[in-house]
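Structural description and commentary
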Amino acid sequence: MPPSAPRYDVIVVGGGAAGTAAVVGAAQAGAHTVLFESFGCLGGAATMKSVTTYCGLYTEAEQSQQVVFGVAEQLLVELRAVGGVVEHVRFRGVAALHDPEAVKRCLDIVAKQAGVDVFFHSTITDATRDGGQLVSAEVHDHNGTEKVMATTWVDGSGECDLAAFAGASTRYGTHGAVEAGTLGMRIGGVPTDLTPSHDDLTKAVRAAKLKGDSLVDKEDSLMARLPLSGDIGIFIVDAEYNALQARSISDAEQYAREKAWAYLAACQTMPGWENAYLSVTGPILGTRESRHVNAVYQLTAEDITSGQRFDDVVALGAWVMEYHDAAGAESKWIPVKDKGAYDIPLRTLTSVDTPNLYAAGRAADGDQYAGGSLRVMGTALATGHAAGVAAALHAAAGNPVPAQQVQQELQRQDARLVVA
């Protein structure tokens, strides 16, 4: 007789900000839980896509406040201890700059402290539902495919693979639009006493254009010096592609790397950048949007701009609605009301047709512009934590629990739901 499939209270798919926060939150709530991640480290965009800014942790107000705590604060404590983070850095918003290698190690520590089971190099290839519930999934590694089972599930995969394979209601993009992606670049060889100049960058790109370089299009982007490595993080290489299709992604990644070298050449004409070199690209494209779970409630731009409050709030968001319409174009920035924080309700993380499935990070349900705020990593830490706790309590009770119980457990875990 073949061995029975491993069974857990909660299974989390995806080891980015959302998935890691979910599995830690679920374990801290007492659930027997496991995380499956297709790459070899936790962190997702922070480690695998060179997105070196945790956006959404702080409000944009002049007296900026941290609003995401809980698992996010556990990570920050570890990053502070190794000098791997610079906090409250203001550019168009307020973010924490981090060192990706420090994030890898610190997330390992946070996960180990919570006692969670983490499987790297494990890819979800299929899932099964029964009577409207998600009951099992197929996980592939180099030994083949194994069936796993759980009472509740969290999709933190970014692409919503778990939900889609299970036949839960999902969509690609929002209102017919999909945000462009960006290849993160880290540039070394720039003197540590030199402050990156946006004016110099704009002049260098315009000069490259005049010389006929068709690869450079966007003229400015975030530039910031990272802790520990001293590299300059820059997010200027955009691409448009279908994030679910290997052919489209492959073409886009090759094109984006070609663009990265063109931008490096332009940067090397800037004063003090003569010895600049590409330290890291990617290593994979930073996808901002692909599939979403269709949830019980879709958070709207109006909710964010009006400061709508919800009785079932389980997370706070603070990042502007940052929307990238097309490669090379300037992004839209729509601020949060009073540059403060907004409520994210449990309904926005709960599948509309699969009640034991929760979604977090960019898989969560926001409309076209609200999704441009929900997706960022600082906010993903908050929605992931909430989804993990909701899933754990659901598993223990055998059915979804009232939002008040989720709120109480989140508060016990220091995930603050009211701005101080």
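Residues numbered from 1 in each chain as written. Predicted model: local features only at pLDDT ≥ 70, side-chain atom pairs only at ≥ 80, totals over all residues. Heavy atoms only, no water.

1. What to know about the packing of aromatic side chains
- Inspection of every chain in the model, using the stated rule, returns five aromatic pairs.
- With centroids separated by 6.1 Å and ring planes inclined at 55°, the aromatic side chains of Phe91 and Trp319 adopt a geometry described as tilted. Of this pair, Phe91 sits in the loop between strand S4 (85-90) and strand S5 (94-98) while Trp319 sits in the loop between strand S16 (313-317) and strand S17 (321-323), and the two are 228 residues apart along the sequence.
- Every member of this aromatic cluster is reached through a ring pair, and the members are Phe91, Trp319 and Trp333. (Phe/Tyr/Trp six-rings, centres within 6.5 Å; stacked < 30°, edge-to-face > 60°. Helix = DSSP H or I, 4+ residues; strand = E, 2+ residues; numbered from the N terminus.)

2. Things to note about the side chain of Thr47
- Examined against the element boundaries, Thr47 turns out to sit in helix H2 (residues 45-48).
- Reaching out from Thr47, the side chain makes a polar contact with the backbone oxygen of Leu42 at a distance of 3.0 Å.
- With sequence-adjacent residues up to four places away left out, Thr47 is seen in contact with Cys41, Leu42, Pro100, Val103, Lys104 and Pro283. (Polar contact = N/O pair within 3.5 Å; in protein donor to acceptor, adjacent residues only side chain to side chain. Contact = heavy atoms within 4.5 Å.)

3. Brief notes about the sheet that holds strand S3 (residues 53-55)
- Taken in spatial order, the three strands line up as S3-S5-S4 in an open sheet, and their pairing is antiparallel. The open sheet is flanked by S3 and S4, the only strands paired with a single partner. Averaged over all pairs of adjacent strands, the angle between strand axes in this sheet comes to 30°, irrespective of strand direction.
- Of the pairings in the sheet, the one linking S3 to S5 comprises three bridges and is antiparallel in character. Each residue of the ladder has a partner; that of Thr53, found in S5, is Leu97.
- Of the strands in this sheet, S3 and S5 are in contact with helix H10 (residues 377-397), which crosses S3 at around 60°. (Pairing = 2+ DSSP bridges. Axes fitted to C-alpha atoms, helices over the stretch in contact; angles between N-to-C directions.)

4. Considerations on helix H3 (residues 71-81)
- Here H3 has its buried residues at Val71, Ala72, Glu73, Leu75, Leu76, Glu78 and Leu79.
- The inward-facing, buried residues of H3 abut helix H1 (17-28), S3, S4, helix H4 (100-114) and H10.
- In the segment just after H3, Gly83 is the residue with positive phi, at about 70°. (Buried < 20%, exposed > 50% of the residue type's maximum accessible area, 1.4 Å probe, protein only.)

5. Some thoughts on the nonpolar core
- Grouped together as the largest cluster of nonpolar side chains are 74 residues, with contacts concentrated most on Val10, Tyr54, Leu57, Val154, Leu381 and Val406.
- Excluding residues within four positions of it along the chain, Leu57 makes contact with Gln65, Gln66, Val67, Val68, Ala72, Leu76, Ala96, Gly378 and Leu381.
- By size, the runner-up hydrophobic cluster in this structure holds 31 residues, among which are Ala204, Val216, Val237 and Ala256. (Core = buried A, V, L, I, M, F, W, Y, C linked by side-chain atoms within 4.5 Å.)

6. Some thoughts on the packing of H1 against H4
- Between H1 and H4, the least distance of the axes is 9 Å, while the angle of their chain directions is 20°. On the basis of the axis angle, H1 is roughly parallel to H4. The hand of the H1/H4 crossing is left-handed. In this structure, H1 uses Thr20, Val24, Ala27 and Gln28 to contact H4, whose residues at the interface are Leu107, Val110, Ala111 and Ala114.
- Its residues placed into classes, the contact of H1 with H4 shows six nonpolar, two polar and no charged. (Parallel < 35°, antiparallel > 145°, perpendicular 65-115°, else oblique. Left-handed = near helix turned anticlockwise from the far one by under 90°. Nonpolar A, V, L, I, M, F, W, Y, C, P; charged D, E, K, R; others polar.)

7. Looking at the packing of H10 against helix H11 (residues 403-412)
- Where H10 contacts H11, the axes come no closer than 9 Å and their chain directions differ by 120°. Classified by the interaxial angle, the pair formed by H10 and H11 is oblique. Two packed elements cross with a definite hand, and for H10 against H11 that hand is right-handed. Within the contact between the two elements, H10 uses His385, Ala386, Val389, Ala390 and Leu393 and H11 uses Gln405, Val406, Glu409 and Leu410.
- By residue class, the composition of the contact of H10 with H11 is six nonpolar, two polar and one charged.

Keep in mind these values describe shape, not function.
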